[in-house]
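Chains, contacts and geometry: an overview
Take a look at the letters that make up each chain.
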Amino acid sequence: MALMRSGWLWRQTSVLKRWKLNWCDLWIDGSLCFYKTDSRRELEHRVRLKTTCVDVRSGLECGGVTPPESNPRENLIVVQLRDGSTVNLCANSEDESIAWKLTLLETRRNPVFTYDPYDDSYQAVPLNSYHTVYITPGAGPGTHQVVVQRDPFDAVAEHLAMGLLAGMAAGAAMRSFLWMPFLLC
């Protein structure tokens, strides 16, 4: 999986609203992962930006958020999520804050592509809560293989309709056999 950006960011906890310093990784699939250390051994929190991010603001656009001690408001980053919650972050400088904002916006809006080697074409994969995207290293540098797995319950209605139709046909056939003894007499 390709790493878009990584580094130390302050993250405000959702319950107690305390600021914690976390190592952050932003992956090409839209996963924003927070770890205790840069060794990436203990995952603390993950946000899936492709399906949940609505907007990203930085600096003075982040009204109502108080930055951690000794950090100016210009270093703030606020990620607004679809459910109405926010992820409040703070970078070490204003330039780093703007760089994170631009990368977050780019990751959120850029689609994931699949490559079809038979047609030599790329197709955008629309992401929603019913798709799972796995990105694995490809054959050469800079290439990636994307595999999209559909939700197994996606076609439940189609299978249910086919089952009902088969049941009605079997029932009709069975009813016709019940009249058979009367016709033979």
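Above this text you will find the structure in question.
Given the structure is predicted, the values throughout are model-derived calculations rather than measurements.

1. Some remarks on the overall build of the protein chain
Helices and strands together make up the secondary structure of the protein chain, namely four helices and 11 strands. Split into buried and exposed, the 185 residues of the protein chain put 31% on the buried side. A separation of at least 24 residues holds for 38% of the contacts in the protein chain among residues at least 6 apart in sequence. In the structure as shown, the protein chain presents an accessible area of about 12,300 Å², 58% of it carried by carbon and sulfur atoms.

2. Some thoughts on unusual backbone geometry
Residues other than glycine seldom take positive phi values, yet K17 does so here, at roughly 60°. The class of K17 is partly exposed, set by a relative accessible area of 48%.

3. A closer look at the pairing of strand β3 (residues 31-35)
The buried count for β3 comes to five of five residues, which makes it a mostly enclosed element. Because side chains alternate across β3, one face comprises the buried residues S31, C33 and Y35, and the other comprises L32 and F34, equally buried. By the bridge criterion, four bridges tie strand β2 (residues 19-27) to β3 in an arrangement that is antiparallel. Bridging from a neighbouring strand, C24 pairs with F34 of β3. Counting the residues between successive antiparallel strands, the hairpin from β2 to β3 contains three residues, one of them, G30, with a positive phi of roughly 95°. Across five bridges, the pairing between β3 and strand β4 (residues 43-48) is antiparallel. Along β4, the bridge assignment pairs L32 with V47.

Criteria and cut-off values
- Residues numbered from 1 in each chain as written.
- Predicted model: local features only at pLDDT ≥ 70, side-chain atom pairs only at ≥ 80, totals over all residues.
- Heavy atoms only, no water.
- Helix = DSSP H or I, 4+ residues; strand = E, 2+ residues; numbered from the N terminus.
- Buried < 20%, exposed > 50% of the residue type's maximum accessible area, 1.4 Å probe, protein only.
- Contact = heavy atoms within 4.5 Å.
- Areas by Shrake-Rupley, 256 points an atom, 1.4 Å probe, with all protein chains shown as cover.
- Pairing = 2+ DSSP bridges.

Keep in mind that these numbers describe shape and distance, not what the molecule does.
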